[in-house]
Amino acid sequence: MIWTIAKKELTEIRRDGRFLWTSLIIVALLFIALGVGAQRYAADRDLRIEASQEDRDSWLNQGDKGPHAAAHYGVYGFKPATPLALFDPGLNDYTGTLQYLEAHKENQAAFKPAADATALARFGDLSGAMVLQLLVPLLIILLCFGMISGEREDGTFRQLMSMGVPRTKLVWGKALGVTGAIAIVLVPGILIAGVLAAILAGNNDPHEMIDFQGKLLVVALAYVAYFAIFVCVALAISIRSRSSGAALTTLVGFWIVTGLLVPRIGADISKAVYPTPSAFEVEASIQKGRDAGIHAHEPNHPNHIAFKNKMLKKYNVTRIEDLPYSFQGLALEADEEHGFKVFDQNYGRVRELYAEQDKVQQVLSVLSPAVAIEGLSEALSGTDVDFANDFSNAAEAYRRNMVRILNADIMQGGKGMTQYSAEWGYRANKSLWSKVPPFDFDPPGLSTILGRNLVSILVLLAWLVGSIFWLTWSARRIKIDM
Amino acid sequence: MLEAVNLKKDYGGHLALKGLNLKIEPGEIYCLLGANGAGKSTTINLFLDFIKPSSGMALIDGMNVADHSIETKKALAYIPEIVMLYRNLSGLENLRYFSQLAGHSEYTDADLLGFLKRAGLPDHAPMKRVGGYSKGMRQKVGIAIAIAKQAKVLLLDEPTSGLDPKASNEFSDLLVQLAGDGVAILMATHDLFRAKESGTRAGIMKHGELVADLVTADIGHADLEALYLKHMHD
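Note that the structure is predicted; figures quoted are calculated from it, not measured. (Residues numbered from 1 in each chain as written. Chains lettered and ligands numbered in written order. Predicted model: local features only at pLDDT ≥ 70, side-chain atom pairs only at ≥ 80, totals over all residues. Heavy atoms only, no water.)

Student: Help me understand the sheet that holds strand E10 (residues 209-215) of chain B, please; the structure alone is not making it clear to me.
Tutor: Strand pairing in a sheet relies on backbone hydrogen bonds, with the paired strands running either antiparallel or parallel. Residues and elements named next belong to chain B. With mixed pairing, 6 strands are arranged side by side in an open sheet as E6-E7-E8-E3-E9-E10. Of all the strands in the sheet, the pair left with one neighbour each is strand E6 (76-79) and E10. Direction aside, the axes of adjacent strands within the sheet are offset by 15° on average. By the bridge criterion, 5 bridges tie strand E3 (residues 29-34) to strand E9 (residues 201-206) in an arrangement that is parallel. Across the sheet, residue Cys 31 finds its bridge partner in E9, namely Ala 202. (Pairing = 2+ DSSP bridges. Helix = DSSP H or I, 4+ residues; strand = E, 2+ residues; numbered from the N terminus. Axes fitted to C-alpha atoms, helices over the stretch in contact; angles between N-to-C directions.)

Student: Would you explain the interface of chain A and chain B in this entry?
Tutor: Put simply, an interface is often sized by how much accessible area is lost when its parts join up. Listed by partner, the interface residues are 22 residues for chain A and 26 residues for chain B. Note on chain A versus chain B: buried area summed over both sides is about 2400 Å², and carbon and sulfur give 62% of it. In this structure, the connection of chain A to chain B is made through 2 salt bridges. Run the count over chain A and chain B and you get 7 residue pairs in polar contact (both at pLDDT 80 or more). A class-by-class count of the residues in the side of chain A that touches chain B yields 9 nonpolar, 7 polar and 6 charged. (Contact = heavy atoms within 4.5 Å. Buried area = accessible area lost by both parts, 1.4 Å probe. Salt bridge = Lys/Arg side-chain N within 4 Å of Asp/Glu carboxyl O. Polar contact = N/O pair within 3.5 Å; in protein donor to acceptor, adjacent residues only side chain to side chain. Nonpolar A, V, L, I, M, F, W, Y, C, P; charged D, E, K, R; others polar.)

Student: Can you help me understand the packing of aromatic side chains in this one?
Tutor: This structure, assessed with the given rule, holds 21 aromatic pairs over all chains. Judged by centre distance (6.4 Å) and plane angle (45°), the rings of A:Tyr76 and A:Phe78 are tilted. What makes A:Tyr76 partly exposed here is its relative accessible area of 37%. Residues B:Tyr107 and B:Phe115 carry aromatic rings whose centres are separated by 4.9 Å and whose planes lie at 75° to one another, so their mutual orientation is edge-to-face. In this pair, the class of B:Tyr107 matches that of B:Phe115, namely buried. An aromatic cluster of at least three residues, connected via ring pairs, comprises A:Phe87, A:Tyr223, A:Tyr226, A:Phe227, A:Phe230, A:Phe254 and A:Trp463. Of note, A:Lys65 hangs over the ring of A:Tyr73, and the distance from its end group to the ring centre comes to 4.2 Å. For the cation-ring pair, B:Lys9 lies above B:Tyr11, with the distance from its terminal atom to the ring centre recorded as 5.2 Å. (Phe/Tyr/Trp six-rings, centres within 6.5 Å; stacked < 30°, edge-to-face > 60°. Buried < 20%, exposed > 50% of the residue type's maximum accessible area, 1.4 Å probe, protein only. Lys NZ or Arg CZ within 6 Å of the ring centre and 35° of its normal.)

Student: Is there a simple way to explain the packing of helix H4 (residues 109-118) of chain B against helix H5 (residues 135-149) of chain B in this structure?
Tutor: Relative orientation and spacing of two packed helices are given, respectively, by the angle between their axes and the distance between those axes. Residues and elements named next belong to chain B. Between H4 and H5, the least distance of the axes is 8 Å, while the angle of their chain directions is 125°. Relative to H5, the element H4 lies oblique. In the packing of H4 onto H5, the handedness of the crossing is right-handed. Residue-level contacts link Phe 115, Leu 116 and Arg 118 of H4 to Val 141, Ala 144, Ile 147 and Ala 148 of H5. For the contact of H4 with H5, the residue count by class is 6 nonpolar, no polar and 1 charged. (Parallel < 35°, antiparallel > 145°, perpendicular 65-115°, else oblique. Left-handed = near helix turned anticlockwise from the far one by under 90°.)

Student: Would you explain the sheet that holds strand E1 (residues 2-11) of chain B in this entry?
Tutor: Residue and element names in this part refer to chain B. Read across the open sheet, the 4 strands follow the order E2-E1-E4-E5; overall the sheet is antiparallel. Unpaired on one side and paired on the other, strand E2 (14-24) and strand E5 (63-64) mark the two borders of the sheet. Here E1 runs beside strand E4 (residues 55-60); their pairing, made up of 5 bridges, is antiparallel. Residue pairing for E4: Leu 2 is matched across the bridge by Ile 60. Packed on one face of the sheet, helix H1 (residues 40-47) meets E1, E2 and E4 and runs near 115° to E1.

Here it is in structure tokens:
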């Protein structure tokens, strides 16, 4: 009986010109979004590969120079992207795409496309994720709003009830019919657009493909759950509304609040609950912390002199030339290690606040399934804050390793030299530069992502189960108009 | 086949039905007469289990409809004042849909077209969308649904009001044919002429009570009208 009802709904939907045009527009937008996304992804990737090879080459071929000069020369860490980023660019435009890795300083990822964009960009780029998160629910609403209220208005509901059709079967048949209509449009659309996008995007290196199939599957399941929530809510509201017009008004209101309002207010709420210090404050605090360090480049600074005396005492010598390690190397290394602590303290606090803000946002998805799917989709596409943090952490760990390798070389190579000649006289060459491995970053795997987004997953499931129960409960109570 | 036992319906102090007792056997066409608000539609809605009785029972084939809402509907077909169908589907598609919902998926298109033909739908109509159907054509699809369902009970709520005399006559002929096949028919109507012509029994309702219950063969046209008006004037 459910199949009979679903089939009849499909026939009616198919004959309705509005559905045909709306769905064609949505599929066209999906094609455009994925096509543009794929091209941009491929262009960014080619640029990234080229730039990182160039950067590596100039690092290796920087010539003979002091290791600390090389540390100041530095390298760039380039943030990779997983192929799903072409579907959901998420926060990519805001998080920075490369990080300059040099001596003394933990830099933040820079080159944010959003910084170069005009105010128009705030309206949001068209992306595949946006089409699925906002436009498909609108299509579902258009299909569903009159499904029950319309039968009541047209009197066909009485006819159905006189046939002995159980109310819940009627409603599930309709839900199935809508699902079928959406699937007929979206499944081929997504498959074709996806294959075209994959061809456009070209081959990917294995690092970017970590758990790709699994991520794709979970993304697909999450969107299916998201659409199912909208089908259930739309049908339940169609049942509970006095007229189809009232149902449509309520549903558009629901769409605006959950799809547009809550996600935007959510960011502000989380900022209000866990305010982050300004960049200026953080910078000042880091400056203050670093000031307590050795001041490796300032031989007359009291901290520098105190460190020198400590080293002379420790190794029981009177001249720095008699130390078992180059004093210059020791000072630089001690200064760096002090700096690491300062950076960890200050940026660590900021990152904790960001993580807390993220938790608030995840909890806010209780109010809106759109918030849950946004977070989940970005996370699986590798375009969320966590991914950017993972990259920054990996880049910073790489920087520390690089600095340590270079300082260790000074400590050995500059042994017996005065501080001045260790800094300016000692030279290292390509064999040292190649001891610093090329920067490599593995995006987080599926289980890491799922663990981090457990709240979003649970809230999405709760919405799904809740809306199914609400629909069943409402279906049992459909009134027969007299 | 159809039985009301002390059937009462109380709408918050307003007694719409004051203990109806009625029994309709297979092959009978029982016409319920009476002014608007006399309780005719309430009676039919109670048999459909669209409303619950305050007390008493409505039985179809011996089953209380309030307890066997879905099962009792297998045996019945309902034709309201205007048979409501899906505008974007053709007459044939509407019939196929309702037949399938009634559990008859076995019919071929030829079977279904046969039912529509038997119900008197013009040959050009079944493939056209119902949106363009006249009331008479809709009522005929309603009859075809009842035939296809092999209903043993037919509940009709003023099915001929607004039909032209020819259409009304054709409709009544169909009811007589169905009664001949052993269907028990309960019809609320204002049409005294049709009640006498095609009904086997007639009941006059007033303020929720059955004030007269007679066999139409025993009474003339004029007498039925006189009896009806007499009750209305009281």
